[in-house]
Amino acid sequence: MWRKVWETEKIAYGGDYNPEQWPEETWEEDMRLLKLAHIDTLTLNVFSWAALQPSEDEYRFEKLDKIMEMAKRNHMNVCLATSTAAHPAWMAKKYPDILRTDFKGIKRKFGARHNSCPNSPTYRKYSVRLAEKLAERYQNYDNIVGWHIANEYGGECYCENCEKAFRVWLRKRYETLEELNRVWNTSFWGHTFYDWEEIVLPDHRTEHFTEDLTTAQTISLDYRRFNSESILDCFRMEYEAVKKYTPDVPVTTNLMEGAYKALDYRKWGKFMDFISWDNYPSNEDSFSRIAFSHDLMRGVGDGKPFVLMEQTPSAQNWQPVNTLKRPGVMRLWSYQAVAHGADAVLFFQLKRSIGSCEKYHGAVIDHAGHENTRVFREVAELGAELDKLGGEILGASGAAEVALMFDWENWWAIEYSAGPSVYLKYLDEIMKYYTALHEQNIAVDIVGQESNLFGYKVVIAPILYMTKPGVDDRIRKFVQEGGNFVTTFFSGYVDENDLVVIGGYPGRLRDILGIWVEEIDALPESKKNSFVYKGNTYSAGMLCDIMHLEGAKSLAEYQEDFYAGTPVVTCNSFGEGYAYYVGTRSEDAFYKKLIQEICEKQQVYPAAFAPSGVEAVERFRNNEHYLFLLNHNEAGEEILMFRDCVDLLSGRSYQEKETLNLAAKGVAILKWIEE
Ligand code: GLA
Ligand code: ZN
């Protein structure tokens, strides 16, 4: 079951607001405008560290006090940030350990943001101290609905402090050098370590050719784990600090754009009270790609509340080309977030600054400074609509019977792998399966290798290259008890240390899948093989597994090359269930067909049968059902109602078999009560 994030009566609406960048005289007019836009939640204090702490022992909260008072007076809820995502210049000068060293070994100077070394004693000391001071000072503000720790944590550091901390981390993980040498396979290329102090960070100066190409996969993999955990530790320390004074205020940090590779967000999700993320799709991203990000981010919380912390109301500033959101798109994407579980719709930013790199980033209050803009009107209309909607949908759950497995460590290992093909990108393969499901409006939960698979009917794990301890057992049990499992080429190769599981691929998954993969052929981009599946011919490319059946049935065979006639798609009947294997990369039509068949057989149905381009997503609470219909097309669409219901947005009632006309970029939220 999903849970509500706040005991509010409505979907929270608002976003990042930086009054400290403006003269005080302008604040009240901002409040007037924001209330006019039905905004009720302000994310405050995101980048004020330098202002709050002008020197080592001096703290100045007067301005923030005024801002907090203003928010309260205006009945605004506050998501209070701790400001620790950009350290003050004086601190960098006095304590250079706070500065990062980059991948090339260059020690950075002061500048930009999101740039503190996570293992810097200075950073840890002063960030935690600031978080604690803020919590102490503002603990009695009952309009603080959440803590927003730092901002978009990310990146890496290769400084000496990190190197020392890495050794400590390794000692804890491996205890002995013998074990470390074994796991790191150091007998290869003469890497044996005799002293912990000999260990250095894997970067451009040591093991790496480029950021993605390493000669020592397990060392690089461990560095990624360590880096993600080091940064997570910073979050956790601030978490503890604010909890001392405000134990009941839920804590989050805004996670970055969908699948951010450097941080293992599934590990992070465990330590956050609610999950929040920033949705900035590029012009090329499909609506399925955005839906995927929502599902992925919601999934890292394993049922914890979920909010959209940032989106632009109109344009971004950091894409090469910052196209405006067309009329209706901001509303459509806001409801898409809600459809996928969000209990808040928040913007970056509420007001445009006049200087520096975000002055042309979209905002609710534009440089024009008044309410007579297209963007303001759209924001205000959505605000009014969310007021009307009230608490209807808050905390309602999704209804997925299909799980897609996504794992950060697996991702790192796949893309560090030297061979079989540089074209192999984990996200691309994940998206092929996700899109096939999503375009058919089949709800998906994104789970990790550690997740409980109980209750799902279908589990899909594209490129399950690294099988971490226990995942094969969970899958084995899932299939034995009647589940349907799908995986692909390049699966089951290695263990959690990126060491090959010997005895034949796909390693620990071999008995479940009933196959043995003897070889894997990598094709250049221009070359394709093909296969016939249920009467249609589909392409096979990039990687082609050459395999033997060990109990599985072949569903399709290659048509060309020296392995023509050998299986490419297989199905193994295992216990009460079935395990499918797709030994190559094919095309969208194939994935759609395969997924449809498996889902149908398992009686997994779309949320609704809708025209292509209309996304249908359901949330429910007890016997109340909410079906979101989101028309991403440029033209209106007709949808046949399959039951009596009422559209909460238009207020119109529909009877079964009636037609609902959904305008281009239009949204309907159909409600019915199951008897
Ligand atoms: C990120 C940050 C914000 C802002 C936006 C601009 O999400 O968290 O501070 O820079 O990007 O798109
Ligand atoms: Zn460092």
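In case you missed it, the structure is sitting above this.
This report concerns the structure included in the present document.

**Considerations on empty space enclosed by the protein**
Counted under the stated rule, the structure contains four cavities of 30 Å³ or more. For the largest cavity, the calculated volume is near 130 Å³. In terms of lining, the largest cavity is formed by 15 residues, of which the most central are Arg100, His114, Ser116, Tyr123 and Tyr153. A breakdown of the residues in the lining of the largest cavity according to their chemical character gives seven nonpolar, six polar and two charged. Roughly 50 Å³ of internal volume is contained in the second largest cavity. Among the elements of the structure, helix H8 (217-245) and helix H9 (265-269) are those that each provide at least two residues to the lining of the second largest cavity. Among the elements that take part in the lining of the second largest cavity, H8 stands out by supplying four residues, more than any other.

**Focus: the pattern of salt bridges**
Should their charged atoms come close, side chains of opposite charge can pair. Tallied over the entire structure, the rule returns 52 salt bridges. Between arginine 619 and aspartate 343 there is a salt bridge, with the nearest N and O atoms lying 3.4 Å from each other. Highlighted residues: arginine 619 in strand S22 (residues 614-621) and aspartate 343 in the loop between helix H11 (329-339) and strand S9 (344-347), separated in sequence by 276 residues. In terms of burial, arginine 619 and aspartate 343 fall into one category: buried. In this structure, lysine 671 and glutamate 624 form a salt bridge, with 3.8 Å as the shortest nitrogen-oxygen distance. With a gap of 47 residues between them, lysine 671 in strand S28 (residues 667-673) and glutamate 624 in strand S23 (residues 624-631) connect regions that are remote in the sequence. What emerges from the salt-bridge pattern is a single network uniting Arg173, Asp222, Arg225, Asp264, Lys267, Asp407, Glu409, Glu450 and Lys468.

**A closer look at the coordination of the zinc ion (ligand 2)**
Taken together, the protein donors to the zinc ion (ligand 2) comprise Cys117 (SG), Cys157 (SG), Cys159 (SG) and Cys162 (SG), at separations of 2.2 to 2.3 Å. Coordination at the zinc ion (ligand 2) is tetrahedral: its four donor atoms span angles of 100 to 116° at the metal. Counting the intervening residues between successive donors of the zinc ion (ligand 2) yields the motif C-x39-C-x1-C-x2-C. A residue pair is termed long-range when its members are at least 10 positions apart, and cysteine 117 in the loop between helix H4 (89-94) and helix H5 (121-138) and cysteine 157 in the loop between strand S4 (144-148) and helix H6 (160-174) qualify at 40 residues.

**Brief notes about helix H12 (residues 374-389)**
Its 16 residues give H12 an end-to-end C-alpha distance of 23 Å, which sits within 8% of 22 Å, the value for a rise of 1.5 Å per residue. Every buried residue of H12 is accounted for by Val375, Phe376, Glu378, Val379, Ala380, Leu382, Gly383, Glu385, Leu386 and Leu389. Those residues of H12 hidden inside the fold are in contact with strand S1 (12-16), helix H1 (27-36), H11, S9 and S28. Once H12 ends, the next one or two residues include glycine 390, with phi positive near 55°.

**Observations regarding the site of ligand 1**
Taken together, Phe47, Arg113, Asn151, Glu152, Asn254, Asp278, Tyr280, Glu310, Trp318, Phe348, Glu358 and His361 are the residues near ligand 1. In this structure, an oxygen atom belonging to ligand 1 sits 2.2 Å away from a side-chain N or O atom of glutamate 358. Burial of ligand 1 by the protein chains amounts to 97% of its free accessible area of 300 Å². Among the cavities detected, the one that contains ligand 1 is the largest pocket. Within the shell around ligand 1, the residues separate by chemical class into four nonpolar, three polar and five charged.

**Topic: the sheet that holds strand S13 (residues 458-461)**
Within the open sheet, the seven strands sit side by side as S12-S11-S13-S14-S20-S19-S18. Their pairing is mixed. Unpaired on one side and paired on the other, strand S12 (444-447) and strand S18 (553-557) mark the two borders of the sheet. Here the average twist between neighbouring strands, direction ignored, is 20°. Bridge analysis of strand S19 (residues 567-574) against strand S20 (residues 577-582) gives six bridges, and the strand direction is antiparallel. Directly across from phenylalanine 574, in S20, lies its bridge partner glycine 577.

**Thoughts on the sheet that holds S22**
Overall, antiparallel pairing links the six strands, which are arranged S10-S22-S23-S28-S25-S26 in an open sheet. In this open sheet, the two strands that pair with only one neighbour each are strand S10 (397-398) and strand S26 (653-654). In the packing of H11 onto the sheet, contacts are made with S22, S23 and S28, and the angle to S23 comes to roughly 145°.

**Some points on the packing of helix H14 (residues 426-438) against helix H17 (residues 588-601)**
Across the interface, H14 lies against H17 with an axial gap of 8 Å and an inter-helix angle of 55°. With respect to H17, the axis of H14 lies oblique. Here H14 and H17 pass one another in a crossing that is right-handed. Between H14 and H17, the contacting residues are Glu429, Lys432, Tyr433, Ala436 and Leu437 on the first element and Asp588, Tyr591, Lys592, Ile595 and Cys599 on the second. Its residues assigned to classes, the contact of H14 with H17 comprises six nonpolar, no polar and four charged.

**Examining the pairing of S28**
Side-chain direction in a regular strand flips from residue to residue, so the side chains alternate between the two faces of the sheet. Counting buried positions along S28 gives six out of seven residues, so the element sits mostly inside the fold. Strand direction decides the pairing type here: S23 and S28, joined by seven bridges, are antiparallel. Looking at the pairing, tyrosine 626 lines up with lysine 671 of S28. The sheet contact formed by strand S25 (residues 645-647) and S28 spans two bridges and is antiparallel. Along S28, the bridge assignment pairs valine 646 with lysine 671.

**Observations concerning H1**
For H1, the set of buried residues is Trp27, Asp30, Met31, Leu33 and Leu34. The buried residues of H1 occupy an angular sector of 165° when the element is viewed end-on, so they sit on one face. Looking at the buried residues of H1, the elements they touch are strand S2 (41-44), helix H3 (62-73) and H12. Phi turns positive one or two residues past the end of H1, at histidine 38, with a value near 65°.

**What to know about the environment of isoleucine 149**
Along the chain, isoleucine 149 turns up in the loop between S4 and H6. Taking the C-alpha atoms as reference points, isoleucine 149 and arginine 326, 177 residues apart in sequence, are found 32 Å from one another.

**A few points about the packing of H6 against H8**
In contact at an axis separation of 10 Å, H6 and H8 are set at 105° when each is read in the N-to-C sense. In terms of orientation, H6 and H8 fall into the roughly perpendicular class. Here Cys162, Ala165, Phe166, Trp169, Leu170, Arg173 and Tyr174 of H6 lie close against H8, whose contacting residues are Ile219, Asp222, Tyr223, Arg225, Phe226 and Glu229. In terms of residue class, the contact of H6 with H8 is built from nine nonpolar, no polar and four charged.

**Remarks on the layout of surface pockets**
Its volume calculated, the largest pocket comes out at about 930 Å³. In this structure, the largest pocket is lined by 30 residues; those nearest its centre are Phe47, Arg113, Phe348, Cys357 and Glu358. Residue composition of the lining of the largest pocket, by class: 12 nonpolar, 11 polar and seven charged.

Cut-offs applied
Residues numbered from 1 in each chain as written. Chains lettered and ligands numbered in written order. Predicted model: local features only at pLDDT ≥ 70, side-chain atom pairs only at ≥ 80, totals over all residues. Heavy atoms only, no water. 1 Å grid on protein atoms, 1.4 Å probe; cavity = no way out; pocket = protein on both sides within 12 Å on 5 of 7 lines; lining within 4 Å. Points joined across faces, edges and corners; volume = space filled by probe spheres on them. Nonpolar A, V, L, I, M, F, W, Y, C, P; charged D, E, K, R; others polar. Helix = DSSP H or I, 4+ residues; strand = E, 2+ residues; numbered from the N terminus. Salt bridge = Lys/Arg side-chain N within 4 Å of Asp/Glu carboxyl O. Buried < 20%, exposed > 50% of the residue type's maximum accessible area, 1.4 Å probe, protein only. Donors = N, O, S within 2.8 Å, 3.2 Å for Na, K, Ca; no water. Tetrahedral: all angles 85-135°; square planar, octahedral: opposite > 155°, others 65-115°. Expected span 1.5 Å × (residues − 1). Contact = heavy atoms within 4.5 Å. Near = heavy atom within 4 Å. Polar contact = N/O pair within 3.5 Å; in protein donor to acceptor, adjacent residues only side chain to side chain. Areas by Shrake-Rupley, 256 points an atom, 1.4 Å probe, with all protein chains shown as cover. Sits in = over half its atoms within 2 Å of the grid points. Pairing = 2+ DSSP bridges. Axes fitted to C-alpha atoms, helices over the stretch in contact; angles between N-to-C directions. Parallel < 35°, antiparallel > 145°, perpendicular 65-115°, else oblique. Left-handed = near helix turned anticlockwise from the far one by under 90°. Arc of directions from axis to C-beta.

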